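# Structural overview
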Amino acid sequence: MTGVAGGPGDGPIRVLVVEDDPVAADAHVLYVGRVPGFTAVGKAHSGAEARRLLDRVPVDLLLLDLHLPDGHGLQLARSLRAAGYHADVIAVTSARDLAVVREGVSLGVVQYVLKPFTFATLRDRLVRYAEFRGAAGEASGQDEVDRALATLRAPGPAALPKGLSGPTLERVTGAVREAERGLTASGVAEAVGISRITARRYLEHLVEAGRAERRPLYGQVGRPELVYRWVPAGR
């Protein structure tokens, strides 16, 4: 049956992107294609379209948005398992419901990626998945089994630049995304409850990650102030 994952060493890992937002879907296909050892074999904007593609194209891994126009992504994963499809799943979602995470484990979800995410974040998840998938042979003991499973786990907050925290980054990200005309560092500081200097560090991190852009705001006395605007996925 198509859609069943091949074994390690069978060539590039074949990824089907399932995402209802066309711009995000294009971005995710582009991201997958930039990671060595992976190839995007198609994209689907609904669960029904994903099923049709799986009937025609061999797939090893689904990059699956959980909010689809014709049902929840986990419902699709459950129906695929029942139909005999064995492709693994990396779930993409903006939801943070741990009950959903627990349910996904039994349905072949090996990783979760929270929106918004950068190319670097997805690349890390894909590389870790490839390492896990490539493990072969018989484990010598519990430690080796634990190490194999640990390759799937994303790094903790230490992956951020020194001095930045994940929760604060989420609040800064939310403030910038909600401001259609952008925000200055002072505006972010007021919205989030941090100092202007700290806000500037988080904003510059978003710029370096390609998730925000900065432009000077003229018309005021002295040096122009920088305005930071969110960059939608796929731009």
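As a reminder, the structure under discussion sits directly above these lines.
To start, this report covers the structure provided alongside it. These numbers come from a predicted model, not from an experiment.

### Description of the sheet that holds strand S1 (residues 13-18)
Ordered in space as S2-S1-S3-S6-S7, the five strands form an open sheet in which the pairing is parallel. With partners counted over all chains shown, the strands left at the sheet margins are strand S2 (38-44) and strand S7 (109-114), one partner each. Strand-to-strand twist in this sheet, taken as the mean axis angle between neighbours without regard to direction, amounts to 20°. Relative to strand S6 (residues 88-93), strand S3 (residues 61-65) is paired through five bridges, and the arrangement is parallel. Note that in S6 the partner of Leu64 across the bridge is Ala91. Those strands touched by helix H2 (residues 47-54) are S1, S2 and S3, and its axis lies near 130° from that of S2. Sitting on the sheet, helix H3 (residues 73-82) touches S1, S3, S6 and S7, and the angle it makes with S3 is about 150°.

### Structural notes on the side chain of Glu204
As for its placement among the helices and strands, Glu204 is situated in helix H9 (residues 196-208). Since its relative accessible area comes to 19%, Glu204 is described here as buried. Excluding residues that lie within four positions of it along the chain, Glu204 makes contacts with Arg214 and Tyr228.

### Focus on the packing of aromatic side chains
By the definition in use, this model includes one aromatic pair. Seen from their ring centres, Tyr31 and Phe119 are 5.6 Å apart, and the 55° between their planes marks the pair as tilted. Of this pair, Tyr31 sits in helix H1 (residues 22-33) while Phe119 sits in helix H5 (residues 119-134); the two residues are 88 residues apart in sequence, bridging distant segments of the chain. Taking the relative accessible area as the measure of exposure, Phe119 reaches 12% and is therefore buried.

### Concerning H9
In this model, H9 (13 residues) spans 18 Å end to end at C-alpha, consistent with the 18 Å of a helix rising 1.5 Å per residue. For H9, every residue scored as buried is listed here: Ala199, Tyr202, Leu203, Glu204, His205, Leu206 and Val207. Residue Gly210 follows H9 closely and has a positive phi angle near 80°.

What counts, and at which threshold
- Residues numbered from 1 in each chain as written.
- Predicted model: local features only at pLDDT ≥ 70, side-chain atom pairs only at ≥ 80, totals over all residues.
- Heavy atoms only, no water.
- Pairing = 2+ DSSP bridges.
- Helix = DSSP H or I, 4+ residues; strand = E, 2+ residues; numbered from the N terminus.
- Axes fitted to C-alpha atoms, helices over the stretch in contact; angles between N-to-C directions.
- Contact = heavy atoms within 4.5 Å.
- Buried < 20%, exposed > 50% of the residue type's maximum accessible area, 1.4 Å probe, protein only.
- Phe/Tyr/Trp six-rings, centres within 6.5 Å; stacked < 30°, edge-to-face > 60°.
- Expected span 1.5 Å × (residues − 1).

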